Amino acid sequence: MRALTLLGLGTLFLTTSCKDSHIDNLEERSRLSDEVSLWPLPQQFQTSPVAFKLSASRFKIVHAPGSTAGPSCSLLQNAFRRYFKYIFGYVNEQGQPRSRVFDSELRELQVLITSTDPECDAYPSLKTDESYQLEVDQLKSVLKASNVWGALRGLETFSQLVYEDDYGVNNINKTSILDYPRFSHRGILLDTSRHYLPLKVILANLEVMAMNKFNVFHWHIVDDSSFPFLSRTFPNLSQQGAYHPYTHVYTPVDVKSVIEFARMRGIRVIAEFDTPGHTQSWGKGQTDLLTPCYSGSSPSGTFGPVNPILNSTYDFMTSFFKEISSVFADAYIHLGGDEVDFSCWKSNPDIQKFMEQQGFGQDYSKLESYYIQRLLDIVSSTKKGYMVWQEVFDNEVKLKGDTQIHVWKMNPQYQDEMARVTAAGFHTLLSSPWYLNRISYGQDWQDIYRVDPQSFNGTPEQKKLVIGGEACLWGEYVDATNLTPRLWPRASAVAERLWSDENVKDIGSAYSRLEKHRCHMVRRGIPAEPLFVGHCGHEYSGL
């Protein structure tokens, strides 16, 4: 038979091995190319013209015989229901009208989990195995994975393989896939301080993240502008620091629901509480936390970064991060450490005196390092690892070996920073070229797509220290009204770069698939912006 083969190289080619010459090569190639729109592209993918029908009244997703995860695995049971609805629409699964019976009909997808610990009740981690194998055939279709996380990725792929024919009937081609991610950290940063994002917006974008095989939600939850995190230990932080103490906060129940919603989709939630800068909202609810600024010999009435010379500061941080470590399940907390303005510290006579006592001279980066070092010790005592922005590394703070350095600056060249961080033996992730709050006219997704996190001068050992990257959507000009279309499908370009083989680079192939992928998102009710002129068959479905 003829087989359309896609081997992670971004190109399609047709091989002929039997006599079905009644199918025109060019026509068949065009038709199959239209059907192949997987995003991100699997590592190995092979499909044929042989197609099977799917009927909502007869098709089922079930646990395979011998699977170590059964009906008691609620994570998979929920996923089965979710993907059934994605494939067939939000139909009533009970009492559906019987549809026409087809000779070539796929009745069942069996999900086989092989590990003795399927991780049904666990949380995903940096070391999570997300690989899977998918075999689609009429006699037996099987999705095989070591654990539930790989099964989730495979279910998404299966759902993208389904397409409607000219008669509105669902079809899927005979297919074989072996897939796994290139990088283990594939994240999206959302900023909920500069503009508060309603819970439903966060959950909706977690859903889209799963569709694009992202696995980290970096929650930049507080900043100068507002403090929407409702702390049980220090309720005044949000009472005084949020835009509104009741309507613009994330309660403990809200946070728990975000973490669980993400877990059910194989997504880690890494919270960022950035200090000592970006903390103006903290000071509204926590007396003496921030540094009083001076104008000459008198206080100016304004405040700067966290005050690093008071014991009360570290007492507060100890209690606060003890709470944070218990609320957020992930093994890592992002501690920020970026963009610290030293001018207020320089103006304060008590700070100046402390600097002299410590022998810091006039090097205020040493004072910043002093604070960061003590904070890192506090977080380490909670048994959490930490991520920091690149300034912490640049300022030569003593860091644990498992620290993750987050590179975000464009100048000097971010490639040089990646080389320096990895040469020092630290794991690193990249965001510099993926600040999606920066917009331009036209198809800027192409520049996003061309970036490679390992494109820097370094040894193979250094390249292995790159754990992935994140697309960042900062909130100065983004709120619930425009977040989703600004993020998608531009973030999808980052998703493929972090998942697919490094040789998947062809812009033409990517455009064709991404255009269809965008239509898949629109069909699921996601207002993803268009790439260019065109039309989706389900343009306004769910919007």
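Only a predicted model underlies this, so the values are computations on that prediction, with no experimental measurement involved. (Residues numbered from 1 in each chain as written. Predicted model: local features only at pLDDT ≥ 70, side-chain atom pairs only at ≥ 80, totals over all residues. Heavy atoms only, no water.)

Peer 1: Before we move on, could you go through the side chain of Lys53 and cite the residues and values that matter?
Peer 2: Within the secondary structure layout, Lys53 lies in strand E3 (residues 44–54). Using a relative accessible area of 18% as the deciding quantity, one classes Lys53 as buried. A distance of 3.1 Å separates a polar atom in the side chain of Lys53 from a polar atom in the side chain of Asp165. (Helix = DSSP H or I, 4+ residues; strand = E, 2+ residues; numbered from the N terminus. Buried < 20%, exposed > 50% of the residue type's maximum accessible area, 1.4 Å probe, protein only. Polar contact = N/O pair within 3.5 Å; in protein donor to acceptor, adjacent residues only side chain to side chain.)

Peer 1: Can you explain unusual backbone geometry? Please cite residues and give values.
Peer 2: Each neighbour pair has its own omega, and for Trp39 with Pro40 the value is -5 degrees, a cis peptide bond. Relative to the elements of secondary structure, Pro40 occurs in the loop between helix H1 (25–35) and E3. With an omega dihedral of 5 degrees, the bond running from Trp488 to Pro489 counts as a cis peptide bond. Located in the positive-phi region is Glu396, a residue other than glycine, with phi close to 65 degrees.

Peer 1: Give a detailed account of the pairing of strand E11 (residues 216–220), specifying residues and quantitative values.
Peer 2: Burial of E11 is extensive: 5 of the 5 residues sit out of reach of the surface. What you see with E11 is no split at all: Val216, His218 and His220 on one side and Phe217 and Trp219 on the other are buried throughout. As paired elements, strand E10 (residues 185–191) and E11 share 5 bridges and run parallel to each other. Its bridge partner being in E11, Leu189 is matched across the sheet by His218. Direction of pairing for E11 relative to strand E12 (residues 268–272): parallel, over a ladder of 5 bridges. In the strand pairing of E12, Val216 is matched with Arg268. (Pairing = 2+ DSSP bridges.)

Peer 1: Tell me about the state of the cysteines, and please be specific about residues and values.
Peer 2: For the structure on display, the rule yields 3 disulfides. Between the sulfur atoms of Cys293 and its disulfide mate Cys344 the distance is 2.1 Å. Where Cys293 bonds to Cys344 through sulfur, the torsion about that S-S bond is close to -115 degrees, and the disulfide is left-handed. One end of the pair, Cys293, is in strand E13 (residues 290–295); the other, Cys344, is in helix H9 (residues 343–347), and 51 residues separate them in sequence. With respect to burial, Cys293 and Cys344 carry one shared label: buried. (Disulfide = S-S within 2.5 Å.)

Peer 1: Give a detailed account of the environment of Arg58, specifying residues and quantitative values.
Peer 2: Relative to the helices and strands, Arg58 resides in the loop between E3 and strand E4 (60–63). Using a relative accessible area of 9% as the deciding quantity, one classes Arg58 as buried.

Peer 1: Can you lay out the packing of helix H10 (residues 349–358) against helix H11 (residues 364–380) for me, pointing to particular residues and giving the numbers?
Peer 2: Contact geometry of H10 with H11 gives a least axis separation of 11 Å together with a crossing angle of 85 degrees. When the interaxial angle is binned, H10 and H11 end up roughly perpendicular. Here Ile351, Gln352, Phe354, Met355 and Gln358 of H10 lie close against H11, whose contacting residues are Tyr364, Leu367 and Tyr370. A breakdown of the residues in the contact of H10 with H11 according to their chemical character gives 6 nonpolar, 2 polar and no charged. (Axes fitted to C-alpha atoms, helices over the stretch in contact; angles between N-to-C directions. Parallel < 35°, antiparallel > 145°, perpendicular 65-115°, else oblique. Contact = heavy atoms within 4.5 Å. Nonpolar A, V, L, I, M, F, W, Y, C, P; charged D, E, K, R; others polar.)

From the geometry alone we can't say anything about function, so treat these as descriptive.
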